[in-house]
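# Structural overview
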Amino acid sequence: AQSVTQLDSQVPVFEEAPVELRCNYSSSVSVYLFWYVQYPNQGLQLLLKYLSGSTLVKGINGFEAEFNKSQTSFHLRKPSVHISDTAEYFCAVSANFGNEKLTFGTGTRLTIIP
Amino acid sequence: NAGVTQTPKFRILKIGQSMTLQCTQDMNHNYMYWYRQDPGMGLKLIYYSVGAGITDKGEVPNGYNVSRSTTEDFPLRLELAAPSQTSVYFCASGDRGPNYGYTFGSGTRLTVV
């Protein structure tokens, strides 16, 4: 089975500053990795995903993440945040074969300070 | 293209009542999922389905039931509502391959009193 740890439950950041949201995973098999964003009172929307290939993945809204197999991490980054980035961010993992389901982390609430 | 549609958006139930949360997708996805979201706990998988007629338990199935008679629909049934089932419920669908990734509905906020 897989598990995900999001180390920070809340991250406050000033507008236009860079941000990194941390995600570490545990798995005995190869994995797919995902970041989802949830805006207030909405469902989850896919930001980006790593399935294979380049370990640096670019997603929507200027976000990117890097898959680091040796450190079992998939941290999410943005060089300059905007007020509209205020949301909750979830990291998720699944095995890369068969019928494996997504396992989600507990989420990181990103608050942008004007 | 509606994606994943959940109804109702909000519901208040009394302890012991039953209800069905509806979920419909129009993307012809084989895989469908029900998650519940509780504050600070992330999303927990309740049930999932890999195709019509096939369902299986997730991490927290107790108190719930599902069925999958068509590719499009995946209703979640609560038979005897308990306060512990107060939560936000999300339905998702997806498929394998290079486009792998779930599409989520907008959620159902359920309160059991």
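Before reading on, note that the structure itself is shown above.
Residues numbered from 1 in each chain as written. Chains lettered and ligands numbered in written order. Predicted model: local features only at pLDDT ≥ 70, side-chain atom pairs only at ≥ 80, totals over all residues. Heavy atoms only, no water.

## Considering the sheet that holds strand E1 (residues 4-7) of chain B
All names here are of chain B. Ordered in space as E1-E3-E8-E7, the 4 strands form an open sheet in which the pairing is antiparallel. Each edge of the open sheet is held by one strand with a lone partner, namely E1 and strand E7 (64-66). Direction aside, neighbouring strands of the sheet carry axes that sit 20 degrees apart on average. Of the strand pairs in this sheet, E1 and strand E3 (residues 19-25) are connected by 4 bridges, and their pairing is antiparallel. Bridged to Gln6 within E3 is Cys23. (Pairing = 2+ DSSP bridges. Helix = DSSP H or I, 4+ residues; strand = E, 2+ residues; numbered from the N terminus. Axes fitted to C-alpha atoms, helices over the stretch in contact; angles between N-to-C directions.)

## Let's talk about the pattern of salt bridges
Going through the model one piece at a time under the given rule, you end up with 9 salt bridges over all chains. In this structure, a network of salt bridges that share partners links the residues Glu20, Glu66 and Arg77 of chain A. (Salt bridge = Lys/Arg side-chain N within 4 Å of Asp/Glu carboxyl O.)

## Here we look at the state of the cysteines
In a disulfide, the sulfur atoms of two cysteines are held together by a covalent bond. The final tally for this structure, using the stated rule, is 2 disulfides over all chains. Each disulfide pairs two cysteine sulfurs, and for Cys23 of chain A the partner residue is Cys91 of chain A, the sulfurs being separated by 2.0 Å. Between Cys23 of chain A and Cys91 of chain A the sulfur-sulfur dihedral comes to about -65 degrees; the bridge is accordingly left-handed. In this pair, Cys23 of chain A is assigned in the loop between strand E3 (19-21) and strand E4 (24-26) and Cys91 of chain A in strand E10 (residues 87-95), connecting sequence segments 68 residues apart. By relative accessible area, Cys91 of chain A is classed as buried at 0%. The disulfide bridge from Cys23 of chain B ends at Cys91 of chain B, spanning 1.8 Å between sulfur atoms. One quick way to see it: the torsion about the S-S bond of Cys23 of chain B and Cys91 of chain B is about -70 degrees, and its sign makes the bridge left-handed. Taken as a pair, Cys23 of chain B in strand E3 and Cys91 of chain B in strand E9 (residues 87-94) lie far apart in primary sequence, 68 residues in all. (Disulfide = S-S within 2.5 Å. Buried < 20%, exposed > 50% of the residue type's maximum accessible area, 1.4 Å probe, protein only.)

## What to know about the side chain of Gln6 of chain A
All names here are of chain A. Here Gln6 shows up in the loop between strand E1 (3-5) and strand E2 (10-14). Residue classification places Gln6 among the buried positions, given a relative accessible area of 7%. For Gln6, the side chain forms a polar contact with the main-chain oxygen of Tyr89, separated by 3.0 Å. Sequence-distant contacts of Gln6, defined by excluding residues within four places in its chain, comprise Arg22, Trp35, Tyr89, Phe90, Cys91, Gly105, Thr106, Gly107 and Thr108. (Polar contact = N/O pair within 3.5 Å; in protein donor to acceptor, adjacent residues only side chain to side chain. Contact = heavy atoms within 4.5 Å.)

On their own, these measurements won't tell you what the molecule is for.
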